[in-house]
Amino acid sequence: MTGRGLRVSGELQVPGDKSISHRSLICSALAEGTSRVRGVLPSADVHSTAGVLRALGVEVPALAPSMVITGAGRRSLRAPHSDLDCGNSGTTSRLMAGVVAGSGLTARFTGDASLSRRPMRRVKRPLEMMGATVELPQHGGLPMTVRGAPLTTVEWRSDTPSAQVKSCILLAALCAGVEATVREPSRSRDHTERMLASQGAEVWVNEDAVLLFAGQRLAPLDLTVPGDPSSAAFFAALAALAPAGELRALGVGVNETRTGFFAALREMGASIELEDARREGGEPVAELRITAGAALHGITVGGPAIPTLIDELPLLACVGAYAEGETRVTDAAELRVKESDRIAAVVQNLRTLGADADELPDGFVVRGTRPRLRGMVTTYGDHRLAMAFGVLATLPGNEIAIDDRECVAVSYPAFWSDLARVTER
Ligand code: S3P
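Conventions and cut-offs
- Residues numbered from 1 in each chain as written.
- Predicted model: local features only at pLDDT ≥ 70, side-chain atom pairs only at ≥ 80, totals over all residues.
- Heavy atoms only, no water.
- Near = heavy atom within 4 Å.
- Polar contact = N/O pair within 3.5 Å; in protein donor to acceptor, adjacent residues only side chain to side chain.
- Areas by Shrake-Rupley, 256 points an atom, 1.4 Å probe, with all protein chains shown as cover.
- 1 Å grid on protein atoms, 1.4 Å probe; cavity = no way out; pocket = protein on both sides within 12 Å on 5 of 7 lines; lining within 4 Å.
- Sits in = over half its atoms within 2 Å of the grid points.
- Helix = DSSP H or I, 4+ residues; strand = E, 2+ residues; numbered from the N terminus.
- Nonpolar A, V, L, I, M, F, W, Y, C, P; charged D, E, K, R; others polar.
- Domains from an automatic or database assignment.
- Phe/Tyr/Trp six-rings, centres within 6.5 Å; stacked < 30°, edge-to-face > 60°.
- Buried < 20%, exposed > 50% of the residue type's maximum accessible area, 1.4 Å probe, protein only.
- Lys NZ or Arg CZ within 6 Å of the ring centre and 35° of its normal.
- Salt bridge = Lys/Arg side-chain N within 4 Å of Asp/Glu carboxyl O.
- Expected span 1.5 Å × (residues − 1).
- Pairing = 2+ DSSP bridges.
- Contact = heavy atoms within 4.5 Å.
- Axes fitted to C-alpha atoms, helices over the stretch in contact; angles between N-to-C directions.

Draft legend 1. Highlighting the site of the ligand. Contacts to the ligand come from Ser19, Arg23, Thr91, Ser162, Ala163, Gln164, Arg189, Ile310, Asp311 and Lys338. Between the ligand and Ser19, the relevant distance is 2.7 Å, taken from an oxygen atom to a side-chain nitrogen or oxygen of the residue. At 3.1 Å from an oxygen atom of the ligand is found a side-chain nitrogen or oxygen belonging to Ser162. Burial of the ligand by the surrounding chains reaches 95%, relative to a free accessible area of 390 Å². Judged by the proximity of its atoms to the pocket grid, the ligand belongs to the largest pocket. Contributing elements (two or more residues each) for the shell around the ligand: helix H1 (18-29) and helix H6 (163-176). Grouping the amino acids of the shell around the ligand by side-chain chemistry returns two nonpolar, four polar and four charged. Mapping the shell around the ligand onto the domain boundaries places at least three of its residues in each of domain 1 (7-15 + 226-424) and domain 2 (18-224).

Draft legend 2. Region of the structure containing the packing of aromatic side chains. Following the criterion strictly, the structure yields six aromatic pairs and no others. A centroid spacing of 6.4 Å and a plane angle of 65° characterise the contact between Phe261 and Phe262, whose relative ring orientation is edge-to-face. Neither residue differs from the other here; Phe261 and Phe262 are each classed as buried. A network of ring pairs unites the aromatic residues Phe234, Phe235, Tyr412, Phe415 and Trp416 as a single cluster. The residue whose ring lies beneath Arg405 is Trp416, and the NZ or CZ to ring-centre distance is 4.0 Å.

Draft legend 3. View of unusual backbone geometry. Cis rather than trans, the peptide bond between Leu142 and Pro143 has omega equal to 0°. Here Arg370, not a glycine, exhibits a phi torsion of approximately 45°, which is positive. Among the secondary structure elements, Arg370 is positioned in the loop between strand S19 (363-368) and strand S20 (374-377). Relative accessible area serves as the criterion here: at 36%, Arg370 is assigned to the partly exposed category. A positive phi angle is found at Tyr380, which is not glycine, with a value near 55°. Relative to the elements of secondary structure, Tyr380 occurs in the loop between S20 and helix H12 (383-393).

Draft legend 4. Region of interest: the pattern of salt bridges. Applying the stated criterion across every chain yields a total of 37 salt bridges. Residue Glu275 is joined to Arg289 by a salt bridge in which the shortest nitrogen-to-oxygen separation is 2.6 Å. Pair noted here: Glu275 is in strand S14 (residues 271-280) and Arg289 is in strand S15 (residues 283-291), with a separation of 14 residues, a long-range link. Here Glu339 and Arg342 are joined by a salt bridge, their closest N and O atoms 3.0 Å apart. Among the ionic contacts, a cluster of salt bridges with common partners joins Glu11, Glu246, Arg248, Glu273, Glu275 and Arg289.

Draft legend 5. Seen up close, helix H8 (residues 229-241). With 13 residues, H8 should reach 18 Å at 1.5 Å per residue; the first-to-last C-alpha distance of 18 Å fits that figure. Counting buried positions along H8 yields 13 of 13 residues, so the element is predominantly enclosed. Residue Asp228 occupies the N-cap position of H8, its side-chain oxygen lying 2.8 Å from the main-chain nitrogen of Ser230.

Draft legend 6. A look at the pairing of strand S7 (residues 144-147). Of the pairings in the sheet, the one linking strand S5 (residues 106-110) to S7 comprises four bridges and is antiparallel in character. Paired with Thr106 across the strands is Arg147, a residue of S7. Alignment of strand S6 (residues 133-135) against S7, held across three bridges, turns out to be antiparallel. Bridge pairing in S7 links Glu135 to Thr145.

Draft legend 7. Region of interest: the sheet that holds strand S1 (residues 7-13). Reading across the sheet, the five strands line up as S14-S15-S13-S1-S22 and stay open at both edges, with mixed pairing between neighbours. The open sheet has two edge strands with one neighbour each: S14 and strand S22 (423-424). Packing against the sheet, H8 makes contact with S1, strand S13 (244-253), S15 and S22, and its axis sits at approximately 170° to S13. In the packing of helix H13 (residues 415-422) onto the sheet, contacts are made with S1, S13 and S22, and the angle to S1 comes to roughly 135°.

Below, the structure is given as structure tokens:
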């Protein structure tokens, strides 16, 4: 049986949450005074946000375990002298588009080949409704030129849940000093509204809407960034697939807009316990204890749960190959416009390696056959694909090579060494 002989053990300090790290730099820059932020994720995507803020005149020190950033308020950014290079980071491009528009500045956003293909009309539409101008090439991706202007109050209804779009609008409104309401069909991650509220901004939130009142000023942050649940997810999956041992992931963010993958794994039969639940900087945090040796079965995931595990769906597909029966995901067409087309990419790779999987227009079906997987994974430079298949590559009996191992630097630079540390055969 594939997986026999693998034993997991140890404790893991997963790196800082990527979404919260981006926001901590941006919200420190827009605050009045000196912020102290610990545990910022030093990954390529977060470097992109730091670089864009520097180009806008903010003194952001090198990313370090403990950072001090002095902001001069929401009107303090200045026009850049060069393009704003967002690298591979959708969060950088969309959140900073809002900041630039609300600050009344003009800037041209660029990125790598993957980011340049990703849809930006989703931020163009609300920003133009507020009064900015956003120029895009025919295909709707980058380069994107944002021309700020005095913005007006907006009430925006998104057709797809997206924290990046919601945050773009909130940050534009914050910088412009106007009111914004954003409604979503289901709730996306809520780190921006939590952080703004923790800095004293008046924010009103209910199940499907967020309202930021006009004229808010931000106090400095004093924050420890929680461990990233999307990074912890790879180790939860590894422990769930292993026949023996136990893993503990320390200080993991367990905000309920992010924990859908842990709920899904539990529903599949895995044993995941939360210990020492507490709050840090307005976010819930806990230790995760995952016990190996579970018999997993397939599940169906769709609807409002999707945003809570959107980045973990390629990993869920990989786990599905080792779960009894069928694992089916629907309502996740957004996966097609992430760092790669994650529906096509995960299904194609699973099939190439010998698993039984099919694409759906808005998701996938994986039939769990507990296969012995062999072959080369094509990551398309997508960090989450590299790590999801990296987990499967540790299962004895599998012989999986990965074409681009370095791309994990986008979100989890130490992934391969952490993976090696907790696995013994
Ligand atoms: C993110 C939001 C999600 C997620 C991305 C990070 C964020 O994207 O997939 O990795 O930090 O706001 P969408 O909001 O576009 O779904």
